[in-house]
Amino acid sequence: MRMFKSLAAVALGAVLAVSGAIAETPKDTLVIAEAIDDLITLDPAEVSEVGGVLVTQQIYQPLVSFDPNDATNIYGVLADSWEVSPDGMVFTFKMNPTAKFASGNDVTAHDAEYSIRRVIHLNGRIAFIFSQFGLTPENVEEKVKALDDETFQFIVDKKYAPSFVLYVLSSFTGGIVDSALVKQHEAQTADGKNDYGNAWLKSENSAGSGAYTLGKWDPKVSILLNRNDNFWAEKPGVARIFFQHMPESAAERLALEKGDIDIANRLQPDDFGAIEGNPDIQILDGNSSTIYYFGVNMRGEATSNPKVIEAMKYLIDYDGIATAIGRGTIKVHQTMIPDGFLGGNINYNPYKLDIEKAKALLAESGVKLPIKLATVVWNNPPYPDYAQAVQSTMAQAGIDLDLQVVDGGPWLDRYRSHDLDVWVGLWGPDYPDPHSNAKAFTVNNKEDPDGKQGNLADRFGWNSGELSDMVLAAVEEQDTEKRKAMYEEIQRKHTDASPFLFMFQDHRKVAMRNNVKGVVLGITFSDDRYGAVTKE
């Protein structure tokens, strides 16, 4: 286990790796053990990895946010108020007059304009979060604009449920940057285009209004955040946040017991059991919208056969894994929308382990057995445990999962390039609206057949047919009860027809030292909030 001799030295940029422990974390520093080997950028206009989003959420703030304990409670952050036009297409925000960036610059409507426009102009893999409103590099100046310093206008292409638009603006992609500062560091890309400060923001600098600023990022080792001394809201309780890459559950538990870390984000059931009753440790429970699933690439000869995919859904011991491996950290969940969201809580779990039924379906498929499938797995718990359990049951019907266990970077690269037969992963919504999941898992985009912009239906080679149009209709429905019913119908059809083997919904449990107060658990792994944390 890699330890760090002095967090004070880290703050000065000198990371010294030594063996042994640091005995106790400093009172002014929150030390968090996390898996951050998936992280490739800290620019809010392109970040999407779990670790990267968790970090940028502490640095950047959106126009609006929501209460993680009651997502229907949407409130202003950098926006003070807003109104929606009668036709539902124009959202006008009045900016918060007290908000300031870490630089000391006031947060204005021009910063909101620049921040959202740069997402569209950079056109990275998360641009879809805003481009779904019809925004393009050609029209974004007209659709996203500051009317004056205090007034920001956001125009969408059609009438959506208003809460959906606000939820999108609350997402990590909606983090507002200090435009005056970032413009000073704009450069040209290799093809001569404006990079909108991307190279400057990617790994060494930050330009946010949040409680913390970026200190130092040592890839796959650690990230240091420093308190924003110009923070416009309540002063953060600790001077520094230190994220230490420590993906192994046992290592996290040992470090937590010794006092070498304050928060263990990746404990597994065995280690939760081991710390039960420890008077120096508390366990915080929270809601989670994270879904664990197997994605099957339908471009393969065998996996293009719907009977094969249906058989695979009967070759998972859902209850057994939840009981023996999950032990209170997951529940069986076989639909794409998590419980707690509009359209969730339908309790549609039609599949259970049935080897004989799976064999019959494979016989109907006409596919020659055995079937060998390249299965990409992140080498971070619980993914290898789930993958090995499913590998065992699928083998009984002639499906050989060739488990290829890799670091976070290759795991995501192969997922995004669909260089695999099966992907063992998770999905955390980008915002707490059912469309975040429904669009990703269902909507087809003929202009993006490889799903590079985030549509997983295309990425895994699935034509969802009428379901794609049904999802696009549901997000426009203004009547909440009708919209809820639409998602319920869509999900049942989706679970039965899609190449996604939905298995579990996560239950958040985070262990931390007893002297840590004020942690707010988000609805995903990457939405935890540390601005109000203190250490007694």
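Please refer to the structure placed before this passage.
The present account deals with the structure reproduced in this document. Keep in mind it's a predicted model, so treat the numbers as computed, not measured.

Take the sheet that holds strand β9 (residues 151-155) next. An order of β6-β7-β9-β8 is seen for the 4 strands of this open sheet, with the pairing classed as antiparallel. Where the open sheet ends on each side, the last strands, each with one partner, are β6 (79-84) and β8 (144-148). Neighbouring strand axes in the sheet, compared pairwise and without regard to direction, differ in orientation by 25 degrees on average. In terms of strand pairing, β6 meets strand β7 (residues 90-95) through 5 bridges, oriented antiparallel. Looking at β7, one finds that Val84 is bridged to Phe91. Against the sheet, helix α3 (residues 109-122) makes contact with β7, β8 and β9, and its axis sits at roughly 170 degrees relative to β8, the strand it touches most.

Bringing the side chain of Ser464 into the picture now. Locating Ser464 in the fold gives a position in the loop between α17 (456-459) and α18 (466-474). A distance of 2.6 Å separates the side chain of Ser464 from the backbone oxygen of Thr442, its partner in a polar contact. Those residues within four positions of Ser464 in sequence are excluded, and the remaining contacts are Thr442 and Asn444.

Attention now moves to the sheet that holds strand β13 (residues 263-264). The strand order across the open sheet built from 7 strands is β10-β11-β12-β3-β13-β21-β14, with neighbouring strands paired in mixed fashion. The open sheet has two free edges, formed respectively by β10 (212-218) and β14 (281-286), since each of these has just one partner strand. Set on the sheet, helix α2 (residues 50-59) makes contact with β3 (29-34), β10, β11 (222-227) and β12 (240-245); between it and β11 the angle comes to about 10 degrees. Across the sheet, helix α9 (residues 249-258) lies against β3, β13, β14 and β21 (508-513), angled at about 35 degrees from β21, the strand it touches most.

This brings us to helix α11 (residues 306-313). Those residues of α11 lying buried are Val308, Ile309, Ala311, Met312 and Lys313. Here α11 starts with a cap whose side-chain oxygen sits 2.9 Å from the backbone nitrogen of Lys307, and that cap is Asn305.

The description of two packed helices rests on the angle between their axes and on the distance between the axes. At a minimum axis distance of 12 Å, the contact between helix α16 (residues 434-442) and helix α19 (residues 480-497) shows a crossing angle of 35 degrees. α19 is crossed by α16, and the crossing has left-handed handedness. Contacts from Pro434, His435, Ala438, Phe441 and Thr442 of α16 reach α19 at Arg483, Tyr487 and His494.

Parameters at a glance
Residues numbered from 1 in each chain as written. Predicted model: local features only at pLDDT ≥ 70, side-chain atom pairs only at ≥ 80, totals over all residues. Heavy atoms only, no water. Pairing = 2+ DSSP bridges. Helix = DSSP H or I, 4+ residues; strand = E, 2+ residues; numbered from the N terminus. Axes fitted to C-alpha atoms, helices over the stretch in contact; angles between N-to-C directions. Contact = heavy atoms within 4.5 Å. Polar contact = N/O pair within 3.5 Å; in protein donor to acceptor, adjacent residues only side chain to side chain. Buried < 20%, exposed > 50% of the residue type's maximum accessible area, 1.4 Å probe, protein only. Left-handed = near helix turned anticlockwise from the far one by under 90°.

Everything listed here is a matter of geometry and, on its own, says nothing about what the molecule does.
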